[in-house]
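# Residue-level structure breakdown
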Amino acid sequence: MREEQLLAYLKGTCPGWARRAGGVKLARALGVSNTELRKAVNRLRRRGLPIASDPGGYFYAQTAGEVYATIRQLRKMAGGLEAAIRGLERALDGFGEGGDLP
């Protein structure tokens, strides 16, 4: 999917938190998979565009507060991923030299 198509849709249809669209609905409207949608959102964000989200969906941020809320949510997700990585690293201690569990 072209990011510009997603950007135009969010700007036109989902401006601000009150008009957010759920990921499944948005992916269906754009004819893409949920994975492709998430990747496109990530690419737009990396370009500095204010694509915000919450558990209810995605939207084109209209205020700094909407962007800050999304940043807080992403930081929380990143912390959870870091904790999972640390747990898996500890799990490696249980494997023997051959790479198998004893």
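Overview of the structure. (Residues numbered from 1 in each chain as written. Predicted model: local features only at pLDDT ≥ 70, side-chain atom pairs only at ≥ 80, totals over all residues. Heavy atoms only, no water.)

## Section: the layout of surface pockets
Estimates place the volume of the largest pocket at around 330 Å³. Forming the walls of the largest pocket are 15 residues, and the residues nearest its centre are Arg 45, Ser 53, Tyr 58, Leu 74 and Met 77. In terms of residue count, the dominant contributor to the lining of the largest pocket is helix H4 (residues 64-92) (five residues). In the lining of the largest pocket, the residues fall into seven nonpolar, five polar and three charged. (1 Å grid on protein atoms, 1.4 Å probe; cavity = no way out; pocket = protein on both sides within 12 Å on 5 of 7 lines; lining within 4 Å. Points joined across faces, edges and corners; volume = space filled by probe spheres on them. Helix = DSSP H or I, 4+ residues; strand = E, 2+ residues; numbered from the N terminus. Nonpolar A, V, L, I, M, F, W, Y, C, P; charged D, E, K, R; others polar.)

## Observations regarding the pattern of salt bridges
Should the charged atoms of two oppositely charged side chains come close, the side chains can pair. One pass over the full model with this rule turns up three salt bridges. With a closest N to O distance of 2.9 Å, Glu 4 and Arg 47 form a salt bridge. Pair noted here: Glu 4 is in helix H1 (residues 3-13) and Arg 47 is in the loop between helix H3 (34-46) and strand E1 (51-54), with a separation of 43 residues, a long-range link. We classify Arg 47 as partly exposed; its relative accessible area is 48%. (Salt bridge = Lys/Arg side-chain N within 4 Å of Asp/Glu carboxyl O. Buried < 20%, exposed > 50% of the residue type's maximum accessible area, 1.4 Å probe, protein only.)

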